[in-house]
Amino acid sequence: MVAENEEYFFPLLFCRLGKLRTFGGCYLHFVHKEMASCCKLYYSNINLKIGKHMHVGKQRLKSRRHRRRMTTSAKQLLCIFTAMMLVFLVVVSGAEDVRRTDFPDTFIFGAGSSAYQVEGAAFEDGRMPSIWDTFAHSGIYGGANADVSCDAYHKYKDDVKLMADTGLEGYRFSISWSRLIPNGRGPINPKGLQYYNNLIDELIGHGIQPHVTLCHSDLPQALEDEYGGWMSRKIIDDFTAYADVCFKEFGDRVLYWTTLNEVNVFTIGGYDIGLSPPNHCSPPSGVRPCSMGNSSTEPYIVAHNILLAHSAAVRLYRRKYKVSPLNITSNNVRELTCVLKPQMFANSVYVTMQSTQHGFVGLNLFAYRPLPYTNKTADIIAVQRVYDFYIGWFANPLMFGDYPDIMKRNVGSRLPKFTGEESMQVKDAVDFIALNHYQTVHVKDSPSSLETKIMDFDNDGAFQVIYTDDDSPPGQTEYPVTHPGLGGVLEYLKQAYGNPPIYIHENGSLSNF
């Protein structure tokens, strides 16, 4: 079991989706408005006590057969986004007996959600629409939306009590930017501020550690309308200012911050294939018609701006909240303002610092565990390209200051370049990598993809993702547990990036009743 390997550092486990082999998880289900009370029902069905002998009650989950073979990133992401509306905690079936003492003290068992998926109260107390509101209300899911959802905005005390009764030690949630700052910038909404203060206090009062995501794909629609949201560099200042408000208002109680969730999936889904908000794509890449977009260039522009916004928020936190330089003498003050990590200061720098907050800021990535489709050298090499395009796209700049070489070669001039100053800002601007992992896939080399006239992310990688019978056996769910995939991804991150801190935010499998 991966958790028993002490060489890995992942003190937090957030499982979103059902059927884990050894411990409780969460179940994600696409829900219509009339099912608003289901969160409470699912919470109450759990029989999991952490701290004593852990027993997970059995629940029969109906599953549906899906395609045996899928070959494009549009199909890969379809099963992620078609069920992305609501997160629930559920019973896990088929689990073995596990004790809390089997895991180190630093390993935190928790559950996760996001603001749009659970809060409801979409038009109450000053909240303004996000791009998810606009996307859902466009009829993309047959009229389903999260206007009510679990109604966590009104029922958060009941939810927290159920978490405490379950024995959860941590809760990962996101802040709705358009609830806290309705227009994306400007005045703070006092009702929104009160809600998140109340939620955090309620969690802490029940001994549950809050883990906060600043943006879970729900950019304020006002910023999307004003300048195109993540397509514009204006987003960097607005996101940093928003993060500043969150750090200031909640940082005295929140230690673990994630800037954005699944930035690779958000970028591909929203700007390459049009499967998620803001629904940008261009032929032939889109899985449905898009009114705007350029699949060849927009994903890379958005990812670049996300990295700059993320790193700006991290630098702000370290400079303004985590440490306060009171007395600095240096031969190179400019370098100091870029680094802002005490352990990295040169001997020529003398710093007296006063700690104000003690938190950590990370970025969340989705990761497959890729395996070669055959034992041919070309397929084995293609596995590395999957890692480079899905993980290295964001992790390499954060660790090394630039994109993977293979991306620079294959994408060419469509891939933005970091200036020297931007490279310094992005490099080391992460305290941990947050990981969402659900399944193992097989990968086949696809050199002909690079000869396509109209290029996009899918073609640039020159690989074909294939779901084999082993990946999706008959009668199993979309995300079957057939390979030790999580361990493989963790090992890759350890070897590729020097064993960074890793927080497992989501893993498991997707099922239907």
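These figures come from a predicted structure and were not determined experimentally.

The next subject is the overall build of the protein. A tally of regular secondary structure across the protein gives 17 helices and 17 strands. Split into buried and exposed, the 513 residues of the protein put 62% on the buried side. Sequence-distant contacts, at least 24 apart, represent 79% of the contacts inside the protein between residues at least 6 apart. About 19,900 Å² of surface is accessible on the protein, with carbon and sulfur atoms providing 51% of the total.

To continue, consider the environment of Ser291. Checked against the element boundaries, Ser291 lands in the loop between helix H10 (263-271) and helix H11 (298-322). Linking Ser291 and Asn279, residues twelve residues apart in sequence, is a C-alpha distance of 7.9 Å.

So, about the confidence of the model for the protein. Looking at the protein as a whole, its pLDDT mean stands at 79, while 71% of the residues score no less than 70. Low pLDDT, under 50, characterises residues 1-73; the stretch is placed with 248 contacts to residues that sit more than four places away or in other chains. Within the model, pLDDT remains below 50 along residues 325-353, and this stretch shows 41 contacts once partners closer than five positions in the same chain are excluded.

So, on to the packing of H10 against helix H13 (residues 377-400). At a minimum axis distance of 9 Å, the contact between H10 and H13 shows a crossing angle of 115°. Note on packing geometry: the crossing formed by H10 with H13 is right-handed. Across the interface between the two elements, Val263, Asn264, Thr267 and Ile268 from H10 touch Tyr390, Trp393 and Phe394 from H13. When grouped by side-chain class, the residues that make up the contact of H10 with H13 number five nonpolar, two polar and no charged.

Quick notes on the rules
- Residues numbered from 1 in each chain as written.
- Predicted model: local features only at pLDDT ≥ 70, side-chain atom pairs only at ≥ 80, totals over all residues.
- Heavy atoms only, no water.
- Helix = DSSP H or I, 4+ residues; strand = E, 2+ residues; numbered from the N terminus.
- Buried < 20%, exposed > 50% of the residue type's maximum accessible area, 1.4 Å probe, protein only.
- Contact = heavy atoms within 4.5 Å.
- Areas by Shrake-Rupley, 256 points an atom, 1.4 Å probe, with all protein chains shown as cover.
- pLDDT = per-residue confidence, 0-100.
- Axes fitted to C-alpha atoms, helices over the stretch in contact; angles between N-to-C directions.
- Left-handed = near helix turned anticlockwise from the far one by under 90°.
- Nonpolar A, V, L, I, M, F, W, Y, C, P; charged D, E, K, R; others polar.

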